[in-house]
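# Examination of the molecular architecture
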Amino acid sequence: MAASSRAQVLSLYRSLLKESRAFPSYNYRTYALRRVRDAFRENRSVKDPQALELLLNKARDSLAIIQRQVLLTPAEQEHGHSRHTIQRSVLSRSLSLSLSLPFPSLLLLSPGSL
Amino acid sequence: MMSRSVTRKLLGSIRGVSTSARLNCPGAPASAPAAQRGRELIKSRELEKDELRPLYMDFQATTPMDPRVLDAMLPYQVNYYGNPHSRTHAYGWESETAMEKARKQVADLIGADPREIVFTSGATESNNMSIKGVARFYKARKKHVITTQTEHKCVLDSCRVLESEGFDVTYMPVKSNGLIDLQQLVETIRPDTSLVSVMTVNNEIGVKQPIKEIGTICRSKNVFFHTDAAQAVGKIPINVSELKVDLMSISGHKIYGPKGVGALFVRRRPRVRIEPLQSGGGQERGLRSGTVPTPLAVGLGAACELAQQEMEYDHARVSMLATRLVQKIMTEIPDVVMNGDPDQRYPGCINLSFAYVEGESLLMALKDVALSSGSACTSASLEPSYVLRAIGTDEDLAHSSIRFGIGRFTTEEEVDYTAEKCIQQVRRLREMSPLWEMVQEGIDLKSIKWTQH
């Protein structure tokens, strides 16, 4: 029971992060990633099964919301307008730093997330 | 999850709207008569093909909608389109349920009863309703209204209209830190004062007025207290009973909700009577007739509920980012003044004055950051912001002030980029400035006699 719910939580966490990375908007994307990480970190030590179920349902609802909202905002590659100032500078800085950063951060700085 | 065809249709319609979006540069409204004076003009223009979008650092002007708010609004834009005042069919009933739920969400955020919330078209309408409504209702015996010099334009303009109707209006001055003097307020209140209006958090300098103390004073003197809480709701904890507020204006698009909706809190115990501005079918308890826009109201409600849940997290984050920005800028360049009280403030609104640098030229230099040099809705006059004048800023410092807005979606990278760019540009502009040269040589600028030809 405990093992499956831990696996459940982890899989939900991974799905949330994966869907959040698909936001075309820089601000929404960074907010979603940050908020999901912080929310899971904050509730790391919750043991009560009812509270846990409540939180997991909230997480599942958030996943659905993110999926819908990602679909709504158009893929903006063809419009140069939407490339955000910060992405160019972050990309240039991250490429130079990527060699020294630990592995997990690399996943988040991968081209799919920029 | 939506089917592919629906998705394609939605994307098509949204794409059509977004490609025609224009970017209005921050200084445009204030610059129109600037051309007449021969100064540099920040022209509004569309972004070029490969130009990057600027960073958004103007959260006091408006905020992007939170995706969760948009998600709550969508069903009411698409499927549940009934008029909430239709009493005879399911479309009306479901819209009404949604509207009442939104009302409860707004009321819970400020500690009010849902029956005390009236939906309006925004904080401007709420301000107009409360000031004109209360003054006119009680005009038989009470002819005096008190407000401050740093209020939003809609409040000041409403008071000006009241003056032309024969009311006495006192515009109280503020101290140099932006806060009002409570002793002076006590002395200004007369037996025939009907309303005191003081905004909770100022939109230009971010100072937080002592609302609780003002509320206590007004209660003791039997005067109604209105506060424009557009910038404060959802960002700092507000409880209308604790703060002893009788009327409060709320704006949707300042708390990550939709534009075009707001709310007005009108206390029922003790009852505040208002003469309605908008006449019609008697909706919203007769105070504001007109169909309540269900999707917008639902959006406002969702935004308020979110704000309540995220308040602590957002506040901690915004404070951290604000300290980071201010520290970075102030340690790197000298002669920077932060306008407004350093403690009694909302951290997300930072107004800095850079001495010996012209404000508009700095804004133009920082063209890839969306900033403002004051309020977005001050009229197109070349004068520096009246708020800065009210706190006693020198004319030259007032011209060189920039307002940085930090919100829920701001990242550390954006703050760092803004700070670096700002430092770089201020240094560059100061290098070019002869005033700066003179200051470096030790000349006191105030002692100079500028010759007249």
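Residues numbered from 1 in each chain as written. Chains lettered and ligands numbered in written order. Predicted model: local features only at pLDDT ≥ 70, side-chain atom pairs only at ≥ 80, totals over all residues. Heavy atoms only, no water.

With that settled, consider the overall build of chain B. Counting its secondary structure elements, chain B contains 14 helices and 12 strands. Relative to its full complement of 453 residues, chain B shows a buried share of 54%. Approximately 20400 Å² of chain B is accessible, and the part contributed by carbon and sulfur atoms is 51%. (Helix = DSSP H or I, 4+ residues; strand = E, 2+ residues; numbered from the N terminus. Buried < 20%, exposed > 50% of the residue type's maximum accessible area, 1.4 Å probe, protein only. Areas by Shrake-Rupley, 256 points an atom, 1.4 Å probe, with all protein chains shown as cover.)

Once that is clear, we can look at the overall build of chain A. For chain A, the helix and strand inventory stands at 5 helices and 0 strands. Along the chain direction, N to C, the helices and strands of chain A fall in the order α-α-α-α-α. Evaluated residue by residue, chain A yields a buried proportion of 33% over its 114 residues. Put simply, of all contacts in chain A between residues at least 6 apart along the chain, 66% involve residues at least 24 apart. By element, 61% of the accessible surface of chain A is carried by carbon and sulfur atoms, the whole surface being about 7100 Å². (Contact = heavy atoms within 4.5 Å.)

Okay, the packing of aromatic side chains next. Residues and elements named next belong to chain B. According to the stated counting rule, one finds 12 aromatic pairs over all chains in the structure shown. Centroid distance Tyr 138 to Phe 224: 5.2 Å. Interplanar angle 45°. Geometry classified as tilted. Of the two residues, Tyr 138 is situated in the loop between α5 (123-137) and β3 (144-148) and Phe 224 in strand β6 (residues 224-228); the sequence distance between them amounts to 86 residues. By relative accessible area, Phe 224 is classed as buried at 16%. (Phe/Tyr/Trp six-rings, centres within 6.5 Å; stacked < 30°, edge-to-face > 60°.)

Bringing the side chain of Lys421(B) into the picture now. Structurally, Lys421(B) is set in helix α13 (residues 412-432). Here Lys421(B) is in contact with Leu366(B) and Asp368(B), once residues within four sequence places are set aside.

We now examine the UniProt feature "domain: Complex 1 LYR protein" (unreviewed entry) in chain A. The UniProt entry lists residues 7-64 of chain A under the feature "domain: Complex 1 LYR protein" (unreviewed entry), expressed in the numbering used here. In residues 7-64 of chain A, helix accounts for 81% and strand for 0%; the two terminal C-alpha atoms are 19 Å from one another. (UniProt positions renumbered as here; feature names shortened; annotations may be inferred.)

Another aspect to go through is the pairing of strand β10 (residues 349-354) of chain B. All names here are of chain B. Across the 6 residues that make up β10, a large majority, 6, are buried. Alternating positions in β10 separate into two faces, Cys 349, Asn 351 and Ser 353 on one and Ile 350, Leu 352 and Phe 354 on the other, with burial throughout. As judged from the 3 bridges shared by strand β9 (residues 336-338) and β10, these two strands associate in the antiparallel manner. Note on β10: the bridge partner recorded for Met 338 is Leu 352. Looking at chain direction, β10 and strand β12 (residues 401-405) are connected through 5 bridges and run antiparallel. By the bridge assignment for β12, Leu 352 is matched with Ile 402. (Pairing = 2+ DSSP bridges.)

Here we take up the environment of Thr200(B). Residue and element names in this part refer to chain B. Note on placement: Thr 200 falls in the loop between β5 (193-197) and α8 (211-221). For the pair formed by Thr 200 and Ala 112, sequence separation is 88 residues and the distance between their alpha carbons is 17 Å. Apart from the residues within four sequence positions on either side, Thr 200 is in contact with Val 207, Lys 208, Gln 209, Ile 211, Thr 227, Asp 228, Ala 229, Ala 232 and Ile 236. At 2.7 Å, the side chain of Thr 200 forms a polar contact with the side chain of Thr 227. (Polar contact = N/O pair within 3.5 Å; in protein donor to acceptor, adjacent residues only side chain to side chain.)

Moving on to the domain arrangement of chain B. Residues and elements named next belong to chain B. For chain B, the assigned domains are domain 1 (67-306) and domain 2 (311-433). One C-alpha centre belongs to domain 1, the other to domain 2, and the line joining them spans 28 Å. Counting residues at the interface gives 29 residues for domain 1 and 25 residues for domain 2. The largest share of the area that domain 1 buries against domain 2 comes from Glu 204, Ile 205 and Tyr 256, three residues that together contribute 31% of it. Taken together, the connections running from domain 1 to domain 2 amount to 0 salt bridges. Between domain 1 and domain 2 we count 10 residue pairs in polar contact (both at pLDDT 80 or more) in total. Elements with a contribution of two residues or more to the side of domain 1 that touches domain 2: α3 (67-78) and α6 (153-164). (Domains from an automatic or database assignment. Buried area = accessible area lost by both parts, 1.4 Å probe. Salt bridge = Lys/Arg side-chain N within 4 Å of Asp/Glu carboxyl O.)

What follows deals with the nonpolar core. Residues and elements named next belong to chain B. Counting 91 residues, the largest nonpolar core has Ile 110, Val 196, Phe 354 and Phe 404 as its most contacted members. Here this core takes 14 residues from helix α9 (residues 294-332), the largest share from any one element. Residue-level mapping places this core at the junction of two domains, with at least three residues from each of domain 1 (67-306) and domain 2 (311-433). Excluding anything up to four places from it in sequence, Phe 404 contacts Met 57, Gln 60, Leu 325, Ile 329, Gly 348, Cys 349, Ile 350, Leu 352, Phe 354, Leu 371, Thr 418 and Cys 422. By size, the runner-up hydrophobic cluster in this structure holds 20 residues, among which are Val 118, Cys 154, Phe 167 and Leu 287. (Core = buried A, V, L, I, M, F, W, Y, C linked by side-chain atoms within 4.5 Å.)

A few words on the pattern of salt bridges. Residues and elements named next belong to chain B. This structure, assessed with the given rule, holds 25 salt bridges over all chains. The closest approach of N and O atoms between Arg 219 and Asp 246, which form a salt bridge, is 3.7 Å. With Arg 219 in helix α8 and Asp 246 in the loop between β6 and β7 (247-251), this pair connects stretches of sequence that are 27 residues apart. Here Lys 328 ties to Asp 416 by a salt bridge, and the two come within 3.2 Å at their closest N and O atoms.

Attention now moves to the sheet that holds β10(B). Pairing between the strands of a sheet comes from backbone hydrogen bonds, and it takes one of two forms, parallel or antiparallel. Residues and elements named next belong to chain B. Overall, antiparallel pairing links the 3 strands, which are arranged β9-β10-β12 in an open sheet. Whereas interior strands pair on both sides, the edge strands pair on one side only; in this sheet they are β9 and β12. The mean inter-strand angle of the sheet, taken between neighbouring strand axes irrespective of direction, is 30°. Against the sheet, α9 contacts β9, β10 and β12, and its axis sits at roughly 10° relative to β10. (Axes fitted to C-alpha atoms, helices over the stretch in contact; angles between N-to-C directions.)

With 15 residues, α5(B) ought to run about 21 Å at 1.5 Å a step, and its terminal C-alpha atoms sit 20 Å apart, in line with that. For α5(B), the tally of buried residues reaches 13 of 15 residues, placing the bulk of the element in the interior. (Expected span 1.5 Å × (residues − 1).)

All names here are of chain B. Read across the open sheet, the 7 strands follow the order β2-β8-β7-β6-β5-β3-β4; overall the sheet is mixed. What marks the edges here is a single partner per strand, and that holds for β2 (117-120) and β4 (168-172). Strand after strand, the sheet turns through a mean of 20° between neighbouring axes, direction not considered. Relative to the sheet, helix α4 (residues 90-110) contacts β2, β7 and β8 (262-266), its axis offset from that of β2 by approximately 115°.

Residues and elements named next belong to chain B. Residues Arg 269 and Pro 270 are joined by a peptide bond in cis, for which omega reads 0°. Tracing the chain through its elements places Pro 270 in the loop between β8 and α9. In this model, Lys 244 sits at a positive phi of 55°, which is unusual for a non-glycine residue. Its location among the elements puts Lys 244 in the loop between β6 and β7. When its relative accessible area of 27% is taken as the criterion, Lys 244 is described as partly exposed. Positive phi, normally seen in glycine, also occurs at Glu 284, with a value near 50°. With respect to the element layout, Glu 284 can be found in the loop between β8 and α9.

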